[in-house]
Amino acid sequence: MLTISVQTPAMGAAQQADRVVARRAAIHPVSTDADMRMWLARVPVTRDFPADFEAMLRGQASLYTIEMSTASACLPCGDLWTKLSAFRTRYGWQVRTLGQEEAMLRSGRLGLPWLGNPVAWVRPLADPHRMVPIAIGTDHSANIARNAWLAARMLTGTRAAVGVRAMSKFTGIVGVRAPTSSSQKRR
């Protein structure tokens, strides 16, 4: 038996509307420190860590780097950068800035709708083509550390579904973008 699926323009519009609603639910643009703190206050903080957590993060510092996209005047970027700097000091991992073009390519490859700033990625130093996003927008320090630990585990062979499920709740707290003009004179 042959089944034919037909999509009407109304169905396509409904799917597009659903995507817009989902995107608005997942991305929380902030323009003030108070807005950012308000959104962060809603995010659960990781409290339970495995026994090997600190030892594993310190022991594998020479194997991984965290790369982050950033932009000037972006509050969540500054917040995430501060937390990643503290992570670097505590665990010894390298933290580097990632260019916007590379960040967009990475997000596109993984189908992430967040092409803006900030996004933090863990990748093995020896392999620039393997990476795992650990923060989309800013997050609590404990959650960033947990996600880095999970990313390292995933990159060394832990079943990916376990890590992805554990990291599936990114905050999506991002900065408000400056409006762009379509006029050539204003650019």
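Data block above holds the structure.
As the structure is a prediction and not an experimental result, all values here were calculated from the model.

Report on the overall build of the protein chain, specifying residues and quantitative values.
A tally of regular secondary structure across the protein chain gives seven helices and six strands. Its helices and strands taken in sequence order, the protein chain reads α-β-α-α-β-α-β-α-β-β-α-α-β from the N to the C terminus. Counting the 187 residues in the protein chain, one finds 39% classified as buried. Summed over all atoms, the accessible surface of the protein chain reaches about 11,200 Å², with 57% contributed by carbon and sulfur.

Let's hear about the environment of Ile66: which residues, and what values?
Here Ile66 shows up in strand β2 (residues 64-69). Residue classification places Ile66 among the buried positions, given a relative accessible area of 0%. Sequence-distant contacts of Ile66, that is, excluding residues within four places in its chain, are made with Leu84, Phe87, Trp93, Gln94, Val95, Arg96, Ala120, Trp121, Val122 and Ile134.

Account for the sheet that holds strand β3 (residues 94-98), with residues named and values stated.
Within the open sheet, the four strands sit side by side as β3-β2-β4-β5. Their pairing is mixed. Of all strands in the sheet, those with a lone pairing partner are β3 and β5 (132-136), marking the two edges. With strand direction ignored, the average angle separating the axes of adjacent strands in the sheet is 25°. Across five bridges, β2 lies against strand β4 (residues 119-124) in antiparallel orientation.

Quick rundown of the state of the cysteines? Include the residues and the values.
For the structure on display, the rule yields one disulfide. Each sulfur in the disulfide pair Cys74 and Cys77 lies 2.5 Å from the other. For the disulfide bridge between Cys74 and Cys77, the dihedral angle about the S-S bond is near 75°, and by the sign convention the bridge is right-handed. An identical accessibility class is assigned to Cys74 and Cys77; each is buried.

Give a description of the pattern of salt bridges that names residues and reports values.
Applying the stated rule across the entire model yields seven salt bridges. Measuring nitrogen to oxygen at the nearest pair gives 3.0 Å for the salt bridge that ties Arg123 to Glu67. Of this pair, Arg123 sits in strand β4 while Glu67 sits in strand β2, and the two are 56 residues apart along the sequence. Take Arg123: its relative accessible area is 8%, and that puts it in the buried class. Judged by relative accessible area, Glu67 falls into the buried class, the value being 7%. Across the pair Glu102 and Arg106 runs a salt bridge whose closest N-O atoms are separated by 3.1 Å. Pair noted here: Glu102 and Arg106 are both in helix α5 (residues 100-110), with a separation of four residues, about one helical turn. Classification of Glu102 by relative accessible area gives partly exposed; the value is 28%. When salt bridges with common partners are traced through the structure, they connect Glu67, Glu102, Arg106 and Arg123 into a single cluster.

I'd like to hear about helix α6 (residues 141-155), residue by residue, with values.
For α6, with 15 residues, the first-to-last C-alpha span of 21 Å sits near the 21 Å given by 1.5 Å per residue. Counting buried residues in α6 gives eleven out of 15 residues, a clear majority hidden from the surface. Just beyond α6, the residue with positive phi is Gly157, at close to 115°.

How would you sum up unusual backbone geometry? Please name residues and give values.
Notably, Ala73 is not glycine yet its phi reads approximately 65°, a positive angle. Within the secondary structure, Ala73 sits in the loop between β2 and α4 (75-91). A residue is classified by how much of its surface remains accessible, and Ala73, at 86% relative accessible area, is exposed.

Thresholds, definitions, all that
- Residues numbered from 1 in each chain as written.
- Predicted model: local features only at pLDDT ≥ 70, side-chain atom pairs only at ≥ 80, totals over all residues.
- Heavy atoms only, no water.
- Helix = DSSP H or I, 4+ residues; strand = E, 2+ residues; numbered from the N terminus.
- Buried < 20%, exposed > 50% of the residue type's maximum accessible area, 1.4 Å probe, protein only.
- Areas by Shrake-Rupley, 256 points an atom, 1.4 Å probe, with all protein chains shown as cover.
- Contact = heavy atoms within 4.5 Å.
- Pairing = 2+ DSSP bridges.
- Axes fitted to C-alpha atoms, helices over the stretch in contact; angles between N-to-C directions.
- Disulfide = S-S within 2.5 Å.
- Salt bridge = Lys/Arg side-chain N within 4 Å of Asp/Glu carboxyl O.
- Expected span 1.5 Å × (residues − 1).

Purely geometric numbers; function is a separate question.
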